[in-house]
Amino acid sequence: MKIESIELREIRMQLKSPFETSFGTTLNRRILLVEVIADGVAGWGEVTAGETPAYNSETTDTAWHVISDFIAPSLIGKSVAKASDFPALVSPIRGHEMAKSGIENALWDIEAQINKIPLWKLLGGTMEEIACGVSLGIRENPVSLVKKVEEELRSGYQRIKLKIKPGKDLEYVAAVRKEFPKIRLSVDANSAYTLEDTAHLKKLDEYKLLMMEQPLSWDDIYAHSKLQAQIETAICLDECIHNTRQALTAIELKACRIINIKLGRVSGHTEARELQGVCHNRNIPVWCGGMLEAGIGRAHNIAMSTLPGFTLPGDVSASRRYWNEDIIEPAVEVTPQGTIRVPQTSGLGFTVKRDLIERLAVRRNRWSAQRAAN
Ligand code: OSB
Ligand code: MG
C-alpha cells in the first residue's frame, strides 16, 4: 500500500443528550476523522480522544498535533505491505495511542478493500452477529435511571452498565437491581475511588454484578490487585490497559478478571487483536468498550468485536442512541435480540457520508505524496 494522501478533518457533533461520568459531562463532541488514500483506495479511521484530558491524557487537540506534526509527515509517500506493519513505524512516538489508532485503522480499512473482504474477516473475526450492551450516564435520581434501564431492555440490549461515582452509587445500583433481579448488570467508576473505599465498594458484592469497571486510579494496576483480593465482584480494567504487556501484568497480578478493549486506547486493530488473543488463551473474557464514537469508530468497533475473545456484550450500540444523523450509511442498528449483524461488504462495510462530513468539518489538514517524475 503506497500512502498517496492523508486528510485529517475535525467534525463537531452534538450528542442527543448529555453523558455524565465520574470525570465530567459530554454533550458536544469534537471528533477527528482520518482519510487515507493508498493504491487509489480510500480508508477511514476515527480518533476517539475526548475533548478534555479527563479519561486519558489525550485530547482532540493533542491528537491533531501528533498526527499533523509527526505521524502524517513521516508516513506520506511510504509503502506499507500490511496495516499490521504500521505500529513499528510509529514506535518512536511514545503514547498517543488514540492518534495512532485513527491512522492505523484507516490502513486496515484499505487493506480489507484491496483484498475485497470485510474488515472483520481480515482481522480474523469469527462471529457474524455480536452481542450489545449499553452504557448509561449518571442521572439525577435512581427513579429516572430505572426508567432508562427499562427502555434499553425493551430495545433488546443484553447488558446494562451504570456509570457510578461516590454519592451516586449504592442507591442507584440497588434500585436497578430491585426492579430487574436477573439482568446482566455492571458498573463503571472511571477511577473515582481509592483503596480507602474498599469497604464501601465491597457493599456492591450483594448485587451480583457482572463486573466493576476501573474503580481505582487510571494508572494503578497494583492497587486494583489489592482491591480484587478483597471483593467478590469481578474487576474489569479499562483506563489502565494500553497494550498487551500491561494486560499481562494485570492478569499476572490478579488485578482484574475481565478486560475492556478500546481500539483507541490500545492504539489500533493490531494491538487489540494481540491483546484479545492473549486474554483468550488465559480465559480472561474481553469486550469492546465505547468512546461515544461516530459511525466510523463504531464500524471499527463492530469489526473488532467479531474476534473469538470477545465473549461479553460490548458498549457497541445503535447510532440512534447517540446521534440524530450518523456519518455512515446505513446507520448502526440493533436487532430486537440485542445484537448487531456484521456487514458483508468489503472494508468497513458502511458507506461514509462525505457530504455530511464536509458540512460538519471545522478544520482540515492534507498531506499528499510528490508524484514520481516519470
Ligand atoms: O469508560 O467506558 C468508558 C464514554 C467516554 C469515556 C469513557 C467511557 C465511556 C462510556 C460510553 O462508557 C460508551 C459508549 O456508549 O460509547
Ligand atoms: Mg470504562
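Whatever comes next refers back to the structure up there.
Below you will find a few notes about this structure.

How each quantity is defined
Along each chain, the written sequence defines residue order, and numbers are assigned to residues from 1. Starting at A for chains and at 1 for ligands, labels are handed out in the order in which the entities are written. Since the coordinates come from a predicted model, pLDDT governs what is reported: local features require at least 70, and pairs of side-chain atoms require 80 or more to be given and counted, while whole-chain, interface and lining totals use all residues. No hydrogens and no water enter the side-chain calculation; it runs on all heavy atoms of the structure. Whenever Lys or Arg places a side-chain nitrogen within 4 Å of a carboxyl oxygen from Asp or Glu, that contact is recorded as a salt bridge. Secondary structure follows DSSP: runs of H or I at least 4 residues long count as helices, runs of E at least 2 residues long count as strands, and numbering of each begins at the N terminus. Water is not among the atoms examined, so metal sites may look incomplete; donors are the N, O and S atoms within 2.8 Å of the metal, or within 3.2 Å for Na, K and Ca. To define axes, lines are fitted to C-alpha atoms, for helices over the stretch in contact only, and angles between the resulting N-to-C directions are given on a 0 to 180 degree scale. Our angle categories are set so that under 35 degrees counts as roughly parallel, over 145 as roughly antiparallel, 65 to 115 as roughly perpendicular, and the remainder as oblique. Rotating anticlockwise by less than a right angle from the far helix to the near helix defines a left-handed crossing, while the corresponding clockwise rotation defines a right-handed one. A contact between two residues is defined here by any heavy atoms of the two lying within 4.5 Å. In the scheme used here, Gly and all other residues not listed as nonpolar or charged are polar, with Ala, Val, Leu, Ile, Met, Phe, Trp, Tyr, Cys and Pro taken as nonpolar and Asp, Glu, Lys and Arg as charged. We call a residue near a molecule or strand whenever a single non-hydrogen atom of that residue lies within 4 Å of it. Polar contacts here mean pairs of N or O atoms no more than 3.5 Å apart (in protein, one a potential hydrogen donor and the other a potential acceptor; neighbouring residues in sequence count only if both atoms are side-chain atoms). Residue exposure ignores everything except the shown protein chains as possible cover, and the areas themselves are Shrake-Rupley values with a 1.4 Å probe. These domain limits were set by an automatic method or by a database of domain assignments.

## Concerning the pattern of salt bridges
Scanning the model with the defined rule gives 26 salt bridges in all. Notably, a salt bridge pairs Glu-358 with Arg-9, separated by 3.1 Å at the nearest N-O pair. Here Glu-358 is found in helix α12 (residues 354-360), whereas its partner Arg-9 is found in strand β1 (residues 3-21), with 349 residues between them in sequence. Between Glu-111 and Lys-82 there is a salt bridge, with the nearest N and O atoms lying 3.8 Å from each other.

## Side note on the coordination of the magnesium ion (ligand 2)
For the magnesium ion (ligand 2), the full set of protein donor atoms is Asp-188 (OD), Glu-213 (OE) and Asp-238 (OD), and the range of their distances to it is 2.1 to 2.3 Å. Each donor residue of the magnesium ion (ligand 2) belongs to the same chain, with the gaps between them written as D-x24-E-x24-D. Of this pair, Glu-213 sits in strand β8 (residues 211-213) while Asp-238 sits in the loop between β9 (235-237) and α9 (244-252), and the two are 25 residues apart along the sequence.

## Examining the packing of α9 against helix α10 (residues 269-281)
α10 packs onto α9 with a crossing angle of 20° between their chain directions and a minimal axis gap of 9 Å. Between α9 and α10, the angle is such that the two are roughly parallel. When you trace α9 past α10, the crossing you get is right-handed. For the pair α9 and α10, the contacting residues are Thr-244, Ala-247, Leu-248 and Ile-251 in the first and Glu-271, Glu-274, Leu-275, Val-278 and Cys-279 in the second. Considered class by class, the residues forming the contact of α9 with α10 number six nonpolar, one polar and two charged.

## Some remarks on the site of ligand 1
The immediate surroundings of ligand 1 are formed by 16 residues, with Ser-135, Asn-190, Lys-262, Leu-292 and Tyr-322 found nearest. The separation between an oxygen atom of ligand 1 and a polar side-chain atom of Tyr-322 is 2.5 Å. For ligand 1, whose free accessible area comes to 390 Å², the fraction covered by protein is 97%. Of the residues that constitute the shell around ligand 1, the class distribution is six nonpolar, three polar and seven charged. Counting the residues that make up the shell around ligand 1, at least three belong to each of domain 1 (3-117 + 352-373) and domain 2 (121-351).

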